[in-house]
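# Survey of secondary and tertiary structure
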Amino acid sequence: MTFSSACPPRSESSFPTGRENSMARQITIDKLSSGLWTATFNNPPINLIDPDTIGELQDLVAELESDTEIKVVVFRSADPDFFLAHWDVLADKRKVAAMPPGPTGMHPWIDLLVRLSRAPVASIAEIRGRARGAGSEFVLACDMRFASRERAVLGQFEVGLGAVPGGNPMARLAGLMGRGRGLEVILGADDFPAELAERYGYVNRALPDEELSTFVESFARRLASFEKYAIVGAKALMDEVTLPADAVFPSSLSAFFKSTAHPGTRKRAASLLERGLQRRSETELRLGQAVAEASSSK
């Protein structure tokens, strides 16, 4: 999470259209069968995450927790350049601060990440485009991540702006790739293309873009053909030995809010906004490079 034009068409997935359940403002949910749903992000111009995104995701997670038949949910993007870009730095800070806690008692962003990780379904991120900051935190909360070799880019750029990542990706990255590589991701604040992300354990697999949707569909349908009680039971046991304790997350968000109030952080953010942050721009396409250039120009 980082502090507070129409998108180009995405190539067609091999998933059929299915029975559309809802057309939300930012997320389209398709119930392809009782056991398999897809959730497609579409929030032009670059799929920024804002309080409305959080609200829609909370509603979806509540459905995943309560539906007795859903087994697999696949998250994807309508924009091939941006899966979930990052947090909207211009979002109304008062609105963000006033958001009521989720069912866990934690801030709703932390709440939905924790609940998604523990939901009684298998969650899969089909990543095309950029997933940075809060976007990276979201895919890390999913059970599995499959990325387009040509189009996927992941990263936690917050430290490059002078901020502490708010969703505590440190806790999840340490378990996936170890302390050293986790710190390389967090402190380096650089972009990780799909092949390097695969090598580090950031994603399960990097696949050729033309094969990604076919692979994810086949895998998701395979899981959806199994018994829900077996999926839920096996995942719950895996959760016990792999997921960070819920208690580690609130302190990260507190550190984030404190760090974003620092004058240096505000100055870096303003500089990047002038260069094209939050717009379809070279700055957003190459954000890892842009934060380094902003630092060197100080």
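Residues numbered from 1 in each chain as written. Predicted model: local features only at pLDDT ≥ 70, side-chain atom pairs only at ≥ 80, totals over all residues. Heavy atoms only, no water.

On to helix α14 (residues 287-296), then. Turning to α14, its buried residues are Leu287, Gly288, Ala290, Val291 and Ala294. Projected down its long axis, α14 shows its buried positions confined to an angular sector of 165°, all on one face. On its buried face, α14 is in contact with β7 (130-132), α5 (158-161), α12 (263-275) and α13 (282-285). (Buried < 20%, exposed > 50% of the residue type's maximum accessible area, 1.4 Å probe, protein only. Helix = DSSP H or I, 4+ residues; strand = E, 2+ residues; numbered from the N terminus. Arc of directions from axis to C-beta. Contact = heavy atoms within 4.5 Å.)

Further remarks concern the packing of aromatic side chains. Applying the stated criterion across every chain yields a total of 10 aromatic pairs. Between Phe146 and Phe215 the ring centres are 5.1 Å apart and the planes differ by 65°, which places this aromatic pair in the edge-to-face class. You can see Phe146 sitting in strand β8 (residues 144-148) and its partner Phe215 sitting in helix α9 (residues 209-224), a full 69 residues away along the chain. Relative to Tyr200, the ring of Phe192 has its centre 5.7 Å away and its plane inclined at 55°; by these criteria the two rings are tilted. Accessibility classification places Phe192 together with Tyr200 in one group, the buried group. In textbook terms, an aromatic cluster arises when at least three aromatic residues are bridged by ring pairs, as seen for Phe41, Phe75, Phe83 and Phe138. (Phe/Tyr/Trp six-rings, centres within 6.5 Å; stacked < 30°, edge-to-face > 60°.)

Next up on the list: the pairing of β8. Most of β8 is tucked away, with five of its five residues classed as buried. By the alternation rule, side chains of β8 split into Met144, Phe146 and Ser148 and Arg145 and Ala147, which are all buried. With four bridges joining them, strand β6 (residues 122-127) and β8 adopt parallel strand pairing. Bridged to Ile124 within β8 is Met144. Bridge count for β8 against strand β11 (residues 205-207) is three bridges, and the pairing is parallel. Paired with Ser148 across the strands is Leu207, a residue of β11. (Pairing = 2+ DSSP bridges.)

A few words on the pattern of salt bridges. Applying the stated rule across the entire model yields 17 salt bridges. A salt bridge links Asp50 to Arg25, with the shortest nitrogen-to-oxygen separation between them at 3.9 Å. Residue Asp50 is located in the loop between β3 (36-41) and α1 (51-66), and its partner Arg25 is located in the loop between β1 (19-23) and β2 (27-33); the two are separated by 25 residues in the primary sequence. Here Glu126 ties to Arg128 by a salt bridge, and the two come within 3.0 Å at their closest N and O atoms. Of the two residues, Glu126 and Arg128, both sit in the buried class. Salt bridges sharing partners connect three or more residues here, namely Arg25, Asp50, Asp52 and Lys95. (Salt bridge = Lys/Arg side-chain N within 4 Å of Asp/Glu carboxyl O.)

Turning our eyes to something else, we now look at the pairing of β3. Extensive coverage of β3 is indicated by the burial of six of its six residues. Burial along β3 is two-sided: Leu36, Thr38 and Thr40 facing one way and Trp37, Ala39 and Phe41 facing the other are all buried. Bridge analysis of β2 against β3 gives six bridges, and the strand direction is antiparallel. Residue pairing across strands places Ser33 opposite Leu36, the latter belonging to β3. Between β2 and β3, which pair antiparallel one after the other, the connecting turn spans two residues. Pairing of β3 with strand β4 (residues 72-77) involves six bridges; the strand directions are parallel.

Turning next to unusual backbone geometry. The omega torsion across Pro44 and Pro45 is 10°, close enough to zero to call that bond cis. Examined against the element boundaries, Pro45 turns out to sit in the loop between β3 and α1.

Attention now moves to the packing of helix α6 (residues 169-177) against helix α7 (residues 179-188). It is at 7 Å that the axes of α6 and α7 come closest, and there the two elements cross at 140°. In terms of axis orientation, α6 runs oblique to α7. For the pair α6 and α7, the crossing hand works out as right-handed. Of the residues in α7, those touching α6 at Pro169, Met170, Leu173 and Met177 are Arg181, Gly182, Val185 and Ile186. Considered class by class, the residues forming the contact of α6 with α7 number six nonpolar, one polar and one charged. (Axes fitted to C-alpha atoms, helices over the stretch in contact; angles between N-to-C directions. Parallel < 35°, antiparallel > 145°, perpendicular 65-115°, else oblique. Left-handed = near helix turned anticlockwise from the far one by under 90°. Nonpolar A, V, L, I, M, F, W, Y, C, P; charged D, E, K, R; others polar.)

For the rest of this paragraph, the subject is the environment of Ala236. You can see Ala236 is positioned in helix α10 (residues 228-242). On the basis of relative accessible area, Ala236 is assigned to the partly exposed category, the value being 36%.

Once that is clear, we can look at the confidence of the model for the protein chain. Detailed reading of the predicted model is not advised wherever pLDDT is low. Of the residues in the protein chain, 91% reach a pLDDT of 70 or more, and the chain-wide mean stands at 92. When the criterion is pLDDT under 50, residues 2-23 qualifies, and its contacts beyond four places in sequence or with other chains add up to 81 contacts. (pLDDT = per-residue confidence, 0-100.)

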